[in-house]
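This is what each chain is made of:
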Amino acid sequence: MGAGDIEFVDAAGSPVREVASDNGTVKLSWTTSEDDVSVIVEQSSSADFSLAVERYRGKDTGSVLTGLPEGGHYFRIAAEGTADWSPPLLATVTFFDRDSLKLLLSLGGLVVLATIGTIIGGHVMTIGRPVSDTTTTGKSIP
Amino acid sequence: MKLLDFSSYVAAATVSISPTTGWIIVGLLGALWIALGFWLGRKAQTSEGFMLAGRNVGLSLGSATAMATWVTSNTTMLAPVMALTLGVWGMLAYSTASFGLMLFAFFAIRIRKLLPQGYTAGDFFKLRYGRFGWSIFLAITMLYSLSWLVSMAIAGGDLMEALAGIPYVQGMTVILAVCVLYTLFGGLYAVIGTDFIQSLIILIGIVFIGSLVIAQLDFDQAYVHISTYQPSLLKIMMPAALLAVFNNMLFGFGEVFHNNVWWSRAFAMREGVAPKAFLLSGILWFPIPIAAGFIALAAAPLGINIVDENQTGPTVAAAVMGNAGFGAAAGIVILIVLFCSMASSIDSLLAATSDLLIKDVHGGLLGRKLNDQSFRRVAGMVILLVALVAWLLALPHWPIINALFISGPLVGSLIWPVIAGLYWKKLNRPLALTGILAGCILGVIAYFQIGWHTASLIGAGVSMGFTILARFVKPSPFGCES
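Per chain, residues are indexed from 1 in the order of the written sequence. Written order decides the labels, with chains lettered from A and ligands numbered from 1. Confidence filtering applies because this is a predicted model: local features only for residues at pLDDT of at least 70, side-chain atom pairs given and counted only at 80 or more, and all residues used for totals across whole chains, interfaces and linings.

Another aspect to go through is the overall build of chain B. Put simply, DSSP H or I for four residues or longer makes a helix, DSSP E for two residues or longer makes a strand, and each gets a number counted from the N terminus. A tally of regular secondary structure across chain B gives 20 helices and two strands. The globule rule is 2.2 Å times the number of residues to the power 0.38, and the radius of gyration it is compared with is taken over C-alpha atoms. Expected size for 482 residues packed as a compact globule is a radius of gyration near 23 Å; at 22 Å, chain B falls within 12% of this value. By principal-axis analysis of the C-alpha atoms, chain B measures approximately 75 × 50 × 40 Å. With C-beta atoms placed from the backbone, a residue counts as buried when 20 or more other C-beta atoms lie within 10 Å of its own, as exposed when 12 or fewer do, and as partly exposed for counts between those limits. Buried residues in chain B amount to 62% of all 482 residues.

Written out as structure tokens, the structure is:
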């Protein structure tokens, strides 16, 4: 089986050479021209795969790789027992912009603390306070 | 360089059961729930009995029903996905949804004081925010509840097709029909009673699978593997994961604080029971997503290949059970646990949504009064109607789960108006209601423009700003406080 027979594809089944991720997760899918083909997927930080590591070996037609650090990651695939590697796929991981992150985290902390604080404060302020409410008469709310 | 040995797991990960076995399990579970619902429902003679279990639910049943309802198929299916993709923070992010239950313990005290004879969350919104505010609440909660209900039905159909080869429509119809039947027979009595047993089964299943993972995992090697090949999963400053913590927490607050599923339980529990029950259920629920997430984090170190991240939980569970010699039982255990987690949510949603429609739409909007005899007939029709709408929406297998996620900023926008309505004496109501609408709009924009992990945060934050402003800018008394 040649390199042209196994390749990475996107969700629509079209060949793909580059993907982007904002959380370090890359979903690899591939097609083979024959059923039941065992493949090897390698990963490297360089396009020449000089320091490649094997990330998958088996007969599945995809693999979800998570926890990748920021930067470029190259992947290639071949049928087991051959050296006919597919063209490389470049996955670029770029995390959320740091300044926006700080802003949103500050907002998150503020909203959560204010929410919890207001509930506890409200509870303390009202726990012993009587309620004069028409609903206490037992009538359901119209 | 050979990194992992997949050989022992590849076959195990594809474990499934035959359609016959699948139908037998679903049939037995369905018969059990329906029989229980029929038996438990003997006491549901009045409208109060049917809707609120006679306002006499004790601590053990109260805690179990709150916990089981909150364990949905999202907990067992999505928590592993969050751990797999966002790491330790993702696992904790999902668990923060339990804080909503814990904080609702405070609400339960106040709710019972303000509305001792209340039936639904709609009662509160109408009392505090008038007809317009109540309409906004009704629109948001119906969108949220229906998308939750439909997504559970779809997940049920998917599960039975994936595990047992049962066609999607048949599986989805059966799980919905079983829940409809026992809710129809027994009302909240049946929902709470079955939830108790379902919660026990879910807990036993997760602990069993978690124990198998622990037994098979070499923790030192797992740490080395993750820190070498998945370093971002252990990263303290992982942006998407950190934002997910706040976002999920606020999504959970919004879901619990506004939805009638929880308000009806606060009304249903005996005096003084609800605060303890909600606190206990939150504490009991907290470790469940961590356990489910831990199973997912173990996938790569155990050499389990994940092809579809949405199937992470069942894939890892099937693999570790297969490897431990439970190959034939793997599909059965997974089907039982997931069936219970879905049923425990579907029944609660059917009951709570129907209550809302009966009390708020039939009684409130249309002004119809019901005696106990006609109530059961109308309640039955409404439950069937809700189920039929859910079935019709689930039939085309649309990705309704996206509607549920998009509802995050909508329910997040209701957090502060609920707090203000419960605890504050006065408020500029038009301003607070404007805040709900602004929070919904900006939150949905954030969902599409920035990412799902910011939507609830933006919705809640915007609504909070408006509500705080409404306390100080021309506030008028609610008219209910002494």
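A separate point is the overall build of chain A. Along chain A, the regular secondary structure elements total one helix and eight strands. Taken from N to C terminus, the helices and strands of chain A fall in the order β-β-β-β-β-β-β-β-α. In chain A, which comprises 142 residues, the proportion classed as buried is 31%. When contacts within chain A are restricted to residue pairs at least 6 apart in sequence, long-range pairs at least 24 apart make up 59% of them. Residue pairs are scored as contacts if the distance between their C-beta atoms, which are placed from the backbone, is within 7 Å.

We now examine the domain arrangement of chain B. Residues and elements named next belong to chain B. An automatic or database domain assignment provides the domain bounds reported here. Splitting chain B by domain gives domain 1 (18–401) and domain 2 (413–482). A straight line from the C-alpha centre of domain 1 to that of domain 2 covers 26 Å. Contact residues are listed per partner, giving 23 residues for domain 1 and 17 residues for domain 2. Of all the secondary structure elements, the ones that give two or more residues to the side of domain 1 that touches domain 2 are α6 (98–114), α7 (121–164) and α10 (239–258). The greatest single-element share of the side of domain 1 that touches domain 2, amounting to 11 residues, is contributed by α10.

Below, the discussion takes up the environment of S38 of chain A. All names here are of chain A. Among the structural elements, S38 can be located in the loop between β3 (26–31) and β4 (39–44). In this structure S38 comes out as partly exposed when scored by C-beta crowding, with 13 C-beta atoms within 10 Å. Residues S38 and L107, 69 residues apart in the sequence, show an inter-C-alpha distance of 49 Å.

Residues and elements named next belong to chain A. Across the sheet, which stays open at both edges, the five strands sit in the order β2-β8-β7-β4-β5 with mixed pairing between neighbours. The open sheet is flanked by β2 (18–21) and β5 (53–58), the only strands paired with a single partner. Going from strand to strand, the sheet's axes swing by 20 degrees on average, the running direction of each strand aside. Strands are labelled as partners when DSSP assigns at least two bridges between them. Pairing analysis gives four bridges linking β2 to strand β8 (residues 89–93), with the strands arranged parallel. Residue pairing across strands places A20 opposite T92, the latter belonging to β8. Fitted lines through C-alpha atoms give the axes, limited to the stretch in contact for helices. The angle between two N-to-C directions lies from 0 to 180 degrees.

Residues and elements named next belong to chain A. In β8, alternate side chains face the same way, and those of L89, A91 and V93 are buried while those of L90 and T92 on the opposite face are not. Bridge count between strand β7 (residues 71–79) and β8: five bridges; the pairing is antiparallel. Its bridge partner being in β8, G72 is matched across the sheet by T92.

The next thing to look at is the domain arrangement of chain A. Entries for chain A in the domain assignment read domain 1 (3–93) and domain 2 (98–129). Put simply, the middle of domain 1 of chain A and the middle of domain 2 of chain A, counted by C-alpha atoms, are 44 Å apart.

What follows deals with α7 of chain B. Residue and element names in this part refer to chain B. A helix is expected to reach a length of 1.5 Å times the quantity of its residues less one. The end-to-end C-alpha distance of α7, which contains 44 residues, comes to just 39 Å, noticeably less than the 64 Å that a straight helix rising 1.5 Å per residue would cover. Burial of α7 is extensive: 33 of the 44 residues sit out of reach of the surface. Positive backbone phi, at 70 degrees, marks G165, one or two positions downstream of α7.

With that settled, consider the packing of helix α1 (residues 98–126) of chain A against helix α20 (residues 452–472) of chain B. Packing of α1 of chain A against α20 of chain B brings their axes to within 10 Å, and their N-to-C directions diverge by 60 degrees. Relative to α20 of chain B, the element α1 of chain A lies oblique. When you trace α1 of chain A past α20 of chain B, the crossing you get is left-handed. Across the interface between the two elements, L104, L107, G108, V111 and A114 of chain A from α1 of chain A touch T454, L457, A460, G461 and M464 of chain B from α20 of chain B. Gly is placed with the polar residues, together with every amino acid not listed as nonpolar (Ala, Val, Leu, Ile, Met, Phe, Trp, Tyr, Cys and Pro) or charged (Asp, Glu, Lys and Arg). Split into classes, the residues belonging to the contact of α1 of chain A with α20 of chain B amount to seven nonpolar, three polar and no charged. Reported orientations rely on four angle classes, namely roughly parallel under 35 degrees, roughly antiparallel over 145, roughly perpendicular from 65 to 115, and oblique for the rest. Note: crossing handedness is left-handed where the near helix turns anticlockwise from the far helix by less than a right angle, and right-handed where it turns clockwise.

The next point concerns the interface of chain A and chain B. Across the contact, 48 residues belong to chain A and 51 residues belong to chain B. Of all the elements in the fold, those that place two or more residues in the side of chain A that touches chain B are β5, β6 (62–65) and α1 of chain A. At 17 residues, the largest contribution of residues to the side of chain A that touches chain B is made by α1 of chain A. Partitioned by chemical class, the residues of the side of chain A that touches chain B number 21 nonpolar, 19 polar and eight charged.

What follows deals with the sheet that holds β3 of chain A. Residues and elements named next belong to chain A. Here three strands make up an open sheet; going across it, the order is β1-β3-β6 and the pairing antiparallel. Every interior strand has two partners, whereas the edge strands, β1 (7–9) and β6, have only one. Looking at each pair of strands side by side, their axes are set apart by 35 degrees on average, direction ignored. Note: β1 against β3, three bridges, orientation antiparallel. Bridge pairing in β3 links V9 to S29.

Core analysis: the largest hydrophobic core is formed by 209 residues, its most contacted members being A153 and I346 of chain B. Among residues more than four places away in sequence, those in contact with I346 of chain B are L149, M152, A153, I175, L176 and C179 of chain B. Here a nonpolar core is just a set of buried residues of the types Ala, Val, Leu, Ile, Met, Phe, Trp, Tyr and Cys, joined wherever their C-beta atoms sit within 7 Å.

Turning to the packing of helix α2 (residues 19–40) of chain B against helix α8 (residues 168–216) of chain B, a few remarks are in order. Residues and elements named next belong to chain B. Interhelical geometry of α2 versus α8 gives an angle of 35 degrees and a closest axis separation of 7 Å. Crossing hand, α2 versus α8: left-handed. Between α2, through V26, G30, W33, I34, L36, G37, F38 and L40, and α8, the contact on the second element is made entirely by V174, V178, L181, Y182, T183, F185, G186, Y189, A190, G193 and T194. Class assignment of the residues belonging to the contact of α2 with α8 gives a composition of 13 nonpolar, six polar and no charged.

With that settled, the discussion passes to the environment of V169 of chain B. Residue and element names in this part refer to chain B. Its location among the elements puts V169 in helix α8. It is 6.4 Å that separates the C-alpha atoms of V169 and G157, two residues lying 12 residues apart in sequence. If we skip the residues at most four places from it in the chain, V169 touches G157 and L395.

Turning to unusual backbone geometry, a few remarks are in order. Phi at F49 of chain A takes a positive value of approximately 55 degrees, unusual for a residue other than glycine. Residue F49 of chain A is classed as partly exposed on the basis of its C-beta count, with 16 C-beta atoms lying within 10 Å. In this structure, K474 of chain B takes a positive phi of about 45 degrees despite not being glycine. Position of K474 of chain B relative to the elements: it lies in the loop between α20 and β2 (476–477).

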